[in-house]
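Listed below are the residues making up each chain.
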Amino acid sequence: MLAYNLIGSSLVALGALSLATMRARANWGLSALDGTIGAQEAASERAPSRDSDGRRHQHSDPSVVELGGSMGPRLIIVSNRVAVPEPGNKQMAGGLVVAVKAALRNRTGVWFGWSGKIDETETAEPRIVERNHIAYAVIDLSKNDFEEYYNGLANRVLWPILHYRVDLQEYSRVDHSGYLRVNRQFADKLSAFLREDDVVWVHDYHLMPLARELRARGHLNPIGFFLHIPCAPLDILRTLPHHDEILGALTYYDLIGFQTENDCDNFAAYLLTIPGAKKGRGLTFEVEGRQTRIGAFPVSIETATYARLARNAARSSLARQIRESLTGLRLVLGVDRLDYSKGIIQRIKAFDRFLEVNPEWRSRVTLLQITPRSRSDIKDYTAIENEVTTLIGRVNGRYGEAFWTPIRYVNRFHSRTALSGIYRAADVALVTPLRDGMNIVAKEYVAAQDAENPGVLILSQFAGAAAELTGALIVNPHECDAVAAALKQALTMPLLERRERHGPMVEHLLVHNIERWAEDYLAALGETRQRPSLMSELRAFLQPFEAVDRSARNARRA
Ligand code: G6P
């Protein structure tokens, strides 16, 4: 009971922590920790101890325990990939990275997860790095872990299923057990530096069973989960073999967050199929005596900062070069990780159709498709890459001129700053995924526009962002003619209409920004944890009266 109360108040305190307080905290207690922690012998000395109950508790080496500040509640973020800012660490900053960075910005905390490196040497402790006031704790994966957990169950099974692509899942029992094994490893490492008042926030489909593992190691901390990708409907979820071990494990979290109400409803339907599960008040569910709450928390961006970034980036040499290279051409932009869920094939076909039925637009518009590669070990990703390049070659061959290339295709990584300048230069953004949790490109494009002369967003109805960005031209990416028609509408849209569509979307994003997302989520996690404490306090308070009442009843019966 006391533990719950402490946790509840630590969450409140966590929400209130200011940047100034955070900086004042002994420089994060990290000055000596920048780099790999200690040698092998030091690592073994620091191995977390077990108490007489056989469980690991939160009192291992103080330097590790004090990560992210030696006192007060910390926010421990856990995700598969941790984006440590390092030269050469070039990953497109997707929604998860943007969100996690923003969540940690004004809070005391640690970001724990995979370094992105493969290494066979088993080390007892994570490597600790501090950059720009964020403490990163990272571990490497072995080749086997990488294959079975990351390429295997996470990206060959969960990713396609949750994106409604049951046809692409390639399930194997080996990958399933590899996935559970890596989740156990994460829990072991995390367990070693978790403190009683930490708030743990786990992100994405790679780590669904993590809360169960942490609970098994005796951690009573508030633990929340957020799914950055979509949640498919019940019938699709149930195509995952042994789904109860993975999706069912989400019930060990106190709060399960989704991008949209639709995702939330889909998971609620799943929860009710778990034997003995009961729906409580609101979006609370009781499963085997555990309480879990679900909710929609649409992820967002740092709208004001991003708008500023774009204003400045518009003056950068890259933006200038792009403008100069266009020489009177209108710019249509697509920015996506190379992934079959992004609808790149359908988009190119729609652009092809647009040029076919609107010959007057040939030589007057170019589609710039920026597509960094990802997960290239998986055959579906190599297949989509081949298909995209073949298709682009065909369109360029059919309509191109010696002086005009219809589609420019770029796999190179661009920083967020560089991208913001490109967004601002684009007349139209084609954001047409077949299924997407949120899609922050859509939000960033809106934020990056010049309010006086904004571009037009064409947005798939199947992106989470469509529920919020209602000023966009909403399309079904499967309908080639409709996307081609929307493109024409966007390119010919009068300035007044562009402003009328853009204004309310920016206003919405200024209010519903990433900081609010983190605050809302953490506040909900705090409430979820306080509820059981109130119940148990009430029970404890009523117990003596109930006992008296019982003995009076017994006396009457006698
Ligand atoms: C999506 C997922 C993230 C993932 C990112 C990049 O945004 O929600 O969890 O990190 O894609 O994918 P990768 O496999 O390269 O980490």
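On a predicted model such as this, the values are computed, not experimentally measured, just so you know.

Draft legend 1. A look at the environment of T366. Residue position: T366 is located in strand β12 (residues 365-370). Using a relative accessible area of 0% as the deciding quantity, one classes T366 as buried. The sequence separation of T366 and P406 amounts to 40 residues, and the corresponding C-alpha distance is 4.9 Å. Filtering out sequence-adjacent residues up to four positions away, T366 remains in contact with L326, L329, R330, L331, V332, F351, W404, T405, P406, I407 and R408. Within polar-contact distance, the side chain of T366 engages the backbone oxygen of P406 at 3.0 Å.

Draft legend 2. Representation of the sheet that holds β12 in the model. The sheet built from 6 strands is open, its strands ordered β13-β12-β11-β14-β15-β16 with parallel pairing. Edge strands, defined here as strands with exactly one partner in the open sheet, are β13 (407-410) and β16 (473-475). On average, adjacent strands in this sheet sit at an angle of 20° to one another, irrespective of strand direction. Bridge analysis of strand β15 (residues 456-460) against β16 gives 3 bridges, and the strand direction is parallel. Residue pairing across strands places L459 opposite I474, the latter belonging to β16.

Draft legend 3. Structural detail: the site of the ligand. Close contacts around the ligand come from 11 residues, with R81, L96, Y150, D204 and R375 the closest. Y150 places a polar side-chain atom, nitrogen or oxygen, 2.5 Å from an oxygen atom of the ligand. Taking D204, its side chain carries an N or O atom lying 2.5 Å from an oxygen atom of the ligand. Compared with its free state, where it exposes 370 Å², the ligand has 88% of that area covered by protein.

Draft legend 4. How the structure looks around the environment of H176. Tracing the backbone shows H176 in helix α7 (residues 173-193). Taking C-alpha positions, H176 is 9.4 Å from V157, a pair spaced 19 residues apart along the chain. Contact partners of H176, with chain neighbours within four places excluded, come to L153, Y171, P241, H242, E245 and I246.

Draft legend 5. Highlighting the pairing of β13. Where β12 lies against β13, 4 bridges are found, and the strand directions are parallel. Bridge pairing links Q369 to Y409 in β13. With helix α15 (residues 379-399) bridging β12 and the parallel β13, this β-α-β connection has right-handed handedness.

Draft legend 6. Region of interest: the pattern of salt bridges. Taken as a whole and assessed by the stated rule, the structure comprises 31 salt bridges. E385 serves as the salt-bridge partner of R373, at 2.5 Å between the closest nitrogen and oxygen. Here E385 lies in helix α15 and R373 lies in the loop between β12 and α15, a separation of 12 residues in the sequence. For E385, a relative accessible area of 15% corresponds to the buried category. Put simply, D145, E148 and R181 are held in one network by salt bridges that share partners.

Draft legend 7. Structural detail: the sheet that holds strand β5 (residues 199-203). The 10 strands lie next to each other as β3-β4-β2-β1-β5-β6-β7-β10-β9-β8, forming an open sheet whose pairing is mixed. Each edge of the open sheet is held by one strand with a lone partner, namely β3 (127-131) and β8 (278-279). As paired strands, strand β1 (residues 75-81) and strand β2 (residues 109-118) are joined by 6 bridges and run parallel to one another. Considered in β2, the bridge of V78 is made with F112.

What counts as what
- Residues numbered from 1 in each chain as written.
- Predicted model: local features only at pLDDT ≥ 70, side-chain atom pairs only at ≥ 80, totals over all residues.
- Heavy atoms only, no water.
- Helix = DSSP H or I, 4+ residues; strand = E, 2+ residues; numbered from the N terminus.
- Buried < 20%, exposed > 50% of the residue type's maximum accessible area, 1.4 Å probe, protein only.
- Contact = heavy atoms within 4.5 Å.
- Polar contact = N/O pair within 3.5 Å; in protein donor to acceptor, adjacent residues only side chain to side chain.
- Pairing = 2+ DSSP bridges.
- Axes fitted to C-alpha atoms, helices over the stretch in contact; angles between N-to-C directions.
- Near = heavy atom within 4 Å.
- Areas by Shrake-Rupley, 256 points an atom, 1.4 Å probe, with all protein chains shown as cover.
- Right-handed = clockwise from strand over helix to strand, strands pointing away.
- Salt bridge = Lys/Arg side-chain N within 4 Å of Asp/Glu carboxyl O.

Scope: geometric values only; no functional claims are made or implied.
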